Amino acid sequence: MSDEVAQARANENAGSTPGEARPKVVFEGVDKDFDQGGQPLPVLRGVDLTVKEGEFVCLLGPSGCGKSTLLNIAGGFESPTAGRVTIDGDPVNGPDARRVFVFQEYGIFPWASVWDNVALGLRHLGKAEQAAIIQPTIDMVGLQGFERSYPMELSGGMKQRVEVARALAVSPDVIYMDEPFGALDSLTRLQMRAEIVRIWQESQTTILFVTHDVDESIQIAERIVVLSARPGEISDIITVDLDHPRDLGSPEYGRIKNRLFETLGVSHSI
Ligand SMILES: Nc1ncnc2c1ncn2[C@@H]1O[C@H](COP(=O)(O)OP(=O)(O)OP(=O)(O)O)[C@@H](O)[C@H]1O
Ligand SMILES: [Mg+2]
């Protein structure tokens, strides 16, 4: 067998073709019911989705459609009622340090400095090894000069950067973000969207990002997965083929926005 054929076979077995990224997070027929006073509450139905390695995917859908539940299933905090999620082919059976969450509420510790918050996941390493990771990570999120500051001395956007730095410091293979910028003012949100795209491009991490903000999804994602109202089913998947920084006034941007509003069943001409 020639090297090329062997490579092609290996790629096929990995579920990809040459030049195409490998599947990273794979949802197969995921259903989720919660119990509501003894009755099953259907929350997710038949979710099939492959997130490729290094991809930035947004899950977009109305409030209560099951976005956080889907993320929690992928993170191993909830189990599906039917179907399964695999990461690198291994079924997700529980939380794993290689997959980290960034939430809307600040999860950083108020009693620890920026440096020490970022160091939290690195305690198994020596001080010099920690520093070799922490400083570039703090630099990457734009917090250089604030290493010794405490959270109460930081703005909302800066606190969210600490969260992102803490997530990146452990070199996760997937980052789950659940409306991480929801509590920020609109200007800071815009800035953080640009930052997260830059950080994603630099770190090449796979990101699964939940939002109910149509513009946010078009500004940041490579692919947008639209969920219907509960029970959440995938109602559309849109590839955003626009270079960064994205021109919010471009015809393609407008076309995608119209399609998303149509899929979500909302009128945006008021
Ligand atoms: N642990 C739970 N037990 C019972 N019901 C739950 C639980 N978690 C979520 N639900 C229900 O599942 C549905 C989906 O909730 P989920 O938090 O996933 O929605 P969401 O799309 O993230 O909404 P939002 O955009 O408001 O954050 C809701 O009806 C919610 O009440
Ligand atoms: Mg949610």
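The structure we're discussing is the one just above.
Overview of the structure. These figures come from a predicted structure and were not determined experimentally.

**What to know about the packing of aromatic side chains**
Taken as a whole and assessed by the stated rule, the structure comprises six aromatic pairs. A centroid spacing of 5.9 Å and a plane angle of 40° characterise the contact between Phe56 and Phe209, whose relative ring orientation is tilted. Pair noted here: Phe56 is in strand 3 (residues 56-60) and Phe209 is in strand 8 (residues 206-211), with a separation of 153 residues, a long-range link. Under the relative-accessibility criterion, Phe56 is labelled buried at 0%. A relative accessible area of 0% places Phe209 in the buried class. Chaining the aromatic ring pairs together yields one cluster made of Phe56, Phe181, Trp200 and Phe209.

**A short note on the state of the cysteines**
Applying the stated criterion across every chain yields a total of zero disulfides. Of all cysteine sulfurs, the one in Cys65 lies closest to Cys58, which takes part in no disulfide; the gap is 13 Å. A relative accessible area of 0% places Cys65 in the buried class.

**Things to note about the site of ligand 1**
Surrounding ligand 1, one finds 14 residues, the nearest of these being Ser63, Gly64, Lys67, Ser68 and Thr69. At 2.7 Å, a backbone N or O of Gly64 approaches an oxygen atom of ligand 1. Between Glu179 and ligand 1, the recorded distance is 3.5 Å, taken from a side-chain N or O atom to an oxygen atom. Protein contacts shield 61% of the accessible area of ligand 1, which totals 640 Å² for the unbound molecule.

Cut-offs applied
Residues numbered from 1 in each chain as written. Chains lettered and ligands numbered in written order. Predicted model: local features only at pLDDT ≥ 70, side-chain atom pairs only at ≥ 80, totals over all residues. Heavy atoms only, no water. Phe/Tyr/Trp six-rings, centres within 6.5 Å; stacked < 30°, edge-to-face > 60°. Helix = DSSP H or I, 4+ residues; strand = E, 2+ residues; numbered from the N terminus. Buried < 20%, exposed > 50% of the residue type's maximum accessible area, 1.4 Å probe, protein only. Disulfide = S-S within 2.5 Å. Near = heavy atom within 4 Å. Polar contact = N/O pair within 3.5 Å; in protein donor to acceptor, adjacent residues only side chain to side chain. Areas by Shrake-Rupley, 256 points an atom, 1.4 Å probe, with all protein chains shown as cover.

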